[in-house]
Structure formats: structure tokens, C-alpha cells
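In case you want the letters, here they are:
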2 protein chains.
Amino acid sequence: MPTELKNDVFLRALLRQPVDRTPVWMMRQAGRYLPEYRAARAQAGSFLKLCMTPDLACEVTLQPLRRYPLDAAILFSDILTIPHAMGLGLEFETGEGPRIRKPVRSAADAKALGVPDPSTDLRYVVDAVSLIRRELGGKVPLIGFAGSPWTVATYVVEGGSSKQFDIIKAMMYEEPATLHHVLGVLAEATRLYLNAQIEAGAQAVMIFDTWGGILAPQKYREFSLAYMVRVIEGLKREHDGHRIPVVLFTKGAGARLVDLAATDCDALGVDWTTDLAEARTLVGDGKALQGNLDPSVLYASPATIRSEVDRVLASYGNGPGHVFNLGHGIHPDVNPEHAGAMIAAVHELSPAYHR
Amino acid sequence: MPTELKNDVFLRALLRQPVDRTPVWMMRQAGRYLPEYRAARAQAGSFLKLCMTPDLACEVTLQPLRRYPLDAAILFSDILTIPHAMGLGLEFETGEGPRIRKPVRSAADAKALGVPDPSTDLRYVVDAVSLIRRELGGKVPLIGFAGSPWTVATYVVEGGSSKQFDIIKAMMYEEPATLHHVLGVLAEATRLYLNAQIEAGAQAVMIFDTWGGILAPQKYREFSLAYMVRVIEGLKREHDGHRIPVVLFTKGAGARLVDLAATDCDALGVDWTTDLAEARTLVGDGKALQGNLDPSVLYASPATIRSEVDRVLASYGNGPGHVFNLGHGIHPDVNPEHAGAMIAAVHELSPAYHR
């Protein structure tokens, strides 16, 4: 274990090494459901300012760790820092989600894209990672992250969030070379970005493919999976003498787990619509699994939360290789005490699965 | 074949009987992408009026058949006719989607629900079915349909469309008996409703489980699948001496196909995120498959549409048991000529798979 780490159960589980209980963290654990986050967000004035100010990003990263016995911290940032650094004009309008002012719609737009240099263009992220690592003082490991090239491309091409992804799908079918060029630039930018996070102190990295699940299987392989593979192949997998585990998460990809298992990642994120027992059978022994409580369970009572936590633990079953998490980010209107009930239940119930 | 039917390729394919080409129809083929539909909708004054006036429902049902060589007609209606008949106050606000004025939120609300009598409360649907059958004159078979009890319940409980389904999920976790009661009433209402459509002349029926895919697997089995099974068990499977095939469609249920295959339906709808070859392997020889072109392909050029149609035909492969369709309803902003290109491609390319 990295010498200074006081709790390495998360890293051990990702590498499928024996642990005495299942580690737990929550996607979006530094987020709007916490009043202290909302205060920091108000102080920053904007979401983007919060991301871009290392002191504030560090503060909100650490907030959930003060409340809960979590086994990992995750960098507070956004998957759209890369298009922002590319100069595409990222804005977050209140209640509207992200907007890209200069979306990429043509071959000329695509050719004009440059790969940001993380040490300058994304310096604020690198600085936040260094600061968080220092402030954590070895309490738990720090996860770095990025969006998948496909997922980031959906925003870059659509110009923001989308329901049907009409514009990027039209490009995929009619101008595949343009889209491949965009994805190639994003993959290279993502590779450099994640390596910069690793060099600054991220002890594991996760790639969020939020929108891979909307693609037909063959398109998924060609336009999403292939570029995640390209990123992974270029990652530093060891830093400071320690292995850096890589987690891949395609939401809604229960039917694509066999494809994902063939990549060189260490662990797969699994959303709540896939049974972990089925996932384990499909994926085999080569990968750890991370997930997968339905985030809506946190609307239920602590007693129900406890029994649903046990259902997830039981579905994975005995042995190493499970990281407990929600199947998607925590909802902003969840009662923080309910998140605490989930985490307590994992601490209490999971040792039985590691005897 | 029903004596008066001039084209029974759709019914034969659903029953996995040999055909000389793959039948084709489109979910929402009677819909907003057609200018003649928009004219009828404007004439009716409201969407609900269009559904509730048999002459107009018949007219829009037949519109796509005048344009395209489709192999089936589908009743023009809505999955929310049942809650409307229950007196829950259904409204369609322009651009807002459906709204239920009196949502079911408590055990008392649930207990107050009654099962509508289709011969009176949903008479307009029964009359539309009879009229369409007569007007079709045996050109192609007529499909009747209903929403799944779970999918209809999401609107009944949430009070309209939802993104996260917080309210119904909270009920599922905290008041499962209440939700089971709601689902039981809806299942009985759906059984009677589909049987009334069959008696009025529907030659196949389809159950749309648009929102089953948002559930964790065990919850899907308990709250969605179980009630579709209850509906199917109570359906008239023969009418006028002819078998009435039943199609089940859970969107986003690629990972649930084995569960769906265990039901007593004749065919499974498959969305575009599942490969038909994989689905065929999982489902085995007992069920036909219906699908599954990504509806966004219709934004592409006719040449691309043709090659993507062939990809879908090839993924199913040789032999009977395939009904070509989109993987979800046709988008409202699709060029009608592109729908025509898809249908023409199925006619042209599919005979090669039936030699």
C-alpha cells in the first residue's frame, strides 16, 4: 500500500485483493445534496468558478469525508473541463445544464480543435489534485476522472445536454470521419488530462461514459468503446511505485459488459439496472465491479435502505472485487442522513461477505 | 390466414411461420412526422379529442398506409386512455406531455380506483377498432395495444412524465402494498381493455412497457414483468378461429430478455441498444423478435438508411420470426421520405434472408 495511506481498502478492492469489508463511495458525493456544498457553491458564485478555484474544489471534495466514513475521495470537477479548455465556450445556466457556445458541427470546426495542455490550460485541475492529496493526508485515496470521449463529444456537438442526440447521431451516420476526428482529439486530450491528474497525485482514475448506452451495439464499439480503449492504452498505470487502477463506467451498458470486460481496465462501473451476479458471470474474474444501488433507494427510510444495501452486497456475493457505490450520481434532493444510513449499512453488513 | 386478409406476413412472422420477406411497420407510424396527421390533429383541436373520436382515430390510423407499403396498421390511441377512463383527469398540455390532475399518492387514493368497463368507459376505442377493421378491408392486420401496468402506473403516481421517477420509486420502497394494489387494478383494466380490442377486431396486441427499463432487475420482475404476465394470462388468444399474437416490449431491457422470454407472449420488441443476434441467442426459438433500427437513423440519407436497414436484417439473420421496426417510436421531425426509404429497403433487401 502507498506508504502514507491509512485506508487502502478501495484500491485493494479495485485490484481484486482480499479485504475485510466492502469499500464504499458515492458518485457525486461532493454535491448539491449537502448544505455545506450549497454554501460553498454560493460563495464561489458559479459552478464553473467552484471547479476552477483549487481551494474551493478542494474544500467541496473533502466535505463528504467529514460527514461520512467513505473509502475514497473523488476530485470535484466536471467532465466538460476539456471542451472549456479547448475554448468552446462552456456555460452553466442555472437550472439549464451546460451549454457549449461554439459547438462543433462541421469538418472545419473539427479540424480547428486543438488538444489542451493540462499543465497550462487545465492547471487549475492539476493544482486541485495536488492540494486535495496534501489535505487528505493519506486518509483515503483520491480518484481522478474524465468523461469518455464519446460522452464529452455529445455535449461538444449537440451544444449542451440532449434527449435524443439527433445532431451527433446525424454526424455519426452522415459524416463519420468528422466525428472520428473529434473523438480522436478528445481521446488524446483525455489521455493527457488523466495522466496529469495521476502525476499530481490521483491514485485511481475513472472514465464516465454517461451516454454510451444510447448507441446501437456496433456504434457503441466504434464510437465510444474504441476511444476509451485508446485513452486507457496511453495511461500511466504506475506512479510513485504504485499501481493506478482504472475504472470504466458506461451507464445503461448491461448488455455491453462483455465488450467492456475485454478492455485493459481494472474495474467496471455497473448501473442499477444490471444484477451484479449476472454482471460477475458475464465479466468473469478479471475485473472488479463497482456499484450498484438505485440512487432512488435513498428516498426510502433507513430500514429500507439497509435491506436494499444487503441485496446489492448479496447479489455480488462473497469474495474480493466489489466496490459499493450507487448505480448513478446521488440525487440533489436526497436527505444527507439517508446517504449516511447507506454507508453505515455497507460498513455493518459487508464483512460477512469477506470471511 | 384470416379469410379476408390480403397480407398476413406480419401475423405469420409473429408466429414464426415461414414468410418470403420480413414484414415492416413503425412504432408511432400514425404520428406527428406526417403533415396529414398534423392537419387531422389541428382539425380535432386536441390530441385527446383525436383519440376519442372514432372517425378521426380511424383516419390517422390509415394515413401511413396510404403513403407506405406497411404490413400492419396500429390503432391510433394513447397508453393513458385507462387512467382517463378511471376519472384521474388526463390532460395534454401543448409541449408539456401528459398530466394527470388527480395522481394516486396514498393507500386511500389506491383503494378508490375502479376498473373501467371497456364497453362503456372506453367505448370510443372499441368503436375505433371496429371502424378501422372495416375500413382496412383486409389490406393488412390491425394491432391493438395498451401500456404495461407499471408504465401506466408511473404516470398515474407521478402525475405525468418523469425523469427520475422519484415518487413512484419512493412508493415502491416504502409502500409496496399500495403500489401492488394500483398495479393489480391496472392489470385487470388492461386485460379487459385488450380483450375488448380483440373482440372488436384487433388481430394482434402489443404491450408497451416504456419505463420497465428504469428498474433494478428484481424490482422489474416484481413490479413490471409480473403484471404483464397477469395481463397475458387473461387474454383471449384466439378470436374468430384465429390466433391473436401478443408482443411484449420493454424499452431498455436488453439485460432482461431472458425474463421476458419466459412469459407466454409470442414476440418481444427489442430496442436499438441490443443486438438482434445476441437477443436471438438469449431468447431462443420460442419467440419472434420485433425491431430494432435506431430511430435516429432516419435523420441520415436514404443511402445510409438502406445500409443500416441491412445491418439490422443481417443481425437477425436467416429464417422466420423477425418483424422489422424501429427500436422506438419514429421521431416527430423525421422527413416522411426517409421513413419511405426505410420501408423500401426492407422490401428490397429482406427476401434474401428468407430463401
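The structure presented is a predicted model; accordingly, all values stated were derived computationally and were not measured.

(A) Structural detail: the overall build of chain A. A count of helices and strands for chain A gives 15 helices and eleven strands. For 355 residues, the compact-globule estimate of 2.2 N^0.38 gives 20 Å, and the C-alpha radius of gyration of chain A, at 19 Å, lies within 12% of that figure. Taken along the three principal axes of its C-alpha coordinates, chain A extends 60 × 45 × 40 Å. Counting across all 355 residues of chain A, residues that qualify as buried make up 55%. Taking the contacts inside chain A whose residues are at least 6 apart along the sequence as the reference set, 71% of them involve residues at least 24 apart.

(B) Summary view of the interface of chain B and chain A. Counting from both sides, the interface comprises 25 residues of chain B and, opposite them, 25 residues of chain A. With five residues, the top contributor of residues to the side of chain B that touches chain A is helix 9 (residues 166-174) of chain B. In the side of chain B that touches chain A, the residues fall into ten nonpolar, ten polar and five charged.

(C) Molecular detail of the environment of R41 of chain A. Residue and element names in this part refer to chain A. Among the structural elements, R41 can be located in helix 2 (residues 35-44). You can call R41 partly exposed: it has 18 C-beta atoms within 10 Å. Placed 104 residues apart in sequence, R41 and F145 show a C-alpha to C-alpha distance of 20 Å. Among all residues touching R41, those that are not within four sequence positions of it are F47 and L50.

(D) Layout of the nonpolar core. Ranked by internal contacts, the top residues of the largest apolar core, which has 252 residues, are I143 of chain A together with I143 of chain B. Aside from chain neighbours lying at most four places away, what touches I143 of chain B is A72, A73, I74, L75, A202, A204, V205 and M206 of chain B.

(E) A look at the pairing of strand 8 (residues 246-250) of chain A. Residues and elements named next belong to chain A. Most of strand 8 is tucked away: five of the five residues are buried. Alternating positions in strand 8 separate into two faces, V246, L248 and T250 on one and V247 and F249 on the other, with burial throughout. As paired elements, strand 5 (residues 204-209) and strand 8 share five bridges and run parallel to each other. Each residue of the ladder has a partner; that of I207, found in strand 8, is L248.

(F) View of the pairing of strand 3 (residues 97-100) of chain A. All names here are of chain A. Pairing geometry for strand 2 (residues 90-93) and strand 3, over four bridges, is antiparallel. Opposite E93, over in strand 3, you have G97 as the bridge partner. Hairpin remark: strand 2 followed by strand 3, antiparallel, with three residues in the connecting loop; positive phi at G95, about 75°.

(G) Inspection of the sheet that holds strand 4 (residues 142-147) of chain A at higher detail. Residue and element names in this part refer to chain A. Reading across the sheet, the seven strands line up as 1-4-5-8-9-10-11 and stay open at both edges, with parallel pairing between neighbours. The two strands at the open ends of the sheet, each matched to only one other strand, are strand 1 (73-74) and strand 11 (322-326). Against the sheet, helix 11 (residues 217-233) makes contact with strand 5 and strand 8, and its axis sits at roughly 165° relative to strand 5, the strand it touches most. Lying on the sheet, helix 13 (residues 276-283) is in contact with strand 9 (267-269) and strand 10 (288-293); it crosses strand 10 at an angle near 160°.

(H) How the structure looks around the packing of helix 13 (residues 276-283) of chain B against helix 14 (residues 302-316) of chain B. Residues and elements named next belong to chain B. It is the contact of helix 13 with helix 14, at a shortest axis distance of 7 Å, that shows an interaxial angle of 25°. The orientation of helix 13 relative to helix 14 falls into the category roughly parallel. Crossing hand, helix 13 versus helix 14: right-handed. Contacts from L276, A277 and R280 of helix 13 reach helix 14 at V312, S315 and Y316.

(I) Focus on the relation of the copies chain B and chain A. Overlaying chain B with chain A gives an RMSD of 0.0 Å, the required rotation being 180° about an axis along which the chain moves by 0.0 Å. This pairing of chains is accounted for by a two-fold axis. Residue A255 of chain B, judged by its C-alpha, is the member of chain B lying nearest the rotation axis, at 2.8 Å. Here 100% of the contact residues of chain B are again contact residues in chain A; the copies associate through an equivalent surface.

(J) Here's a closer look at the confidence of the model for chain A. Per-residue confidence for chain A gives a mean pLDDT of 96; residues scoring 70 or more make up 99%. The complex model carries a pTM of 0.95, and its ipTM stands at 0.92.

(K) Structural detail: the sheet that holds strand 8 (residues 246-250) of chain B. Residues and elements named next belong to chain B. In spatial order, the strands read 1-4-5-8-9-10-11; together these seven strands make up an open sheet with parallel pairing. Across the chains shown, the open sheet's two edge strands, defined by having one partner strand only, are strand 1 (73-74) and strand 11 (322-326). Most of the contacts of helix 13 go to strand 10 (residues 288-293), to which it runs at about 160°, and overall it touches strand 9 (267-269) and strand 10.

(L) Molecular detail of the environment of D166 of chain B. The topology assignment puts D166 of chain B in helix 9. Between the C-alpha atoms of D166 of chain B and T154 of chain B, which are twelve residues apart in sequence, the distance is 9.8 Å. Ignoring sequence-local partners within four residues, the contact set of D166 of chain B consists of S296 and Y299 of chain A.

Cut-offs used in this document
- Residues numbered from 1 in each chain as written.
- Chains lettered and ligands numbered in written order.
- Predicted model: local features only at pLDDT ≥ 70, side-chain atom pairs only at ≥ 80, totals over all residues.
- Helix = DSSP H or I, 4+ residues; strand = E, 2+ residues; numbered from the N terminus.
- Rg over C-alpha atoms; globule rule 2.2 N^0.38 Å.
- Buried ≥ 20, exposed ≤ 12 C-beta atoms within 10 Å, placed from the backbone.
- Contact = placed C-beta atoms within 7 Å.
- Nonpolar A, V, L, I, M, F, W, Y, C, P; charged D, E, K, R; others polar.
- Core = buried A, V, L, I, M, F, W, Y, C linked by C-beta atoms within 7 Å.
- Pairing = 2+ DSSP bridges.
- Axes fitted to C-alpha atoms, helices over the stretch in contact; angles between N-to-C directions.
- Parallel < 35°, antiparallel > 145°, perpendicular 65-115°, else oblique.
- Left-handed = near helix turned anticlockwise from the far one by under 90°.
- Least-squares fit on C-alpha atoms with pLDDT ≥ 70 in both.
- pLDDT = per-residue confidence, 0-100.

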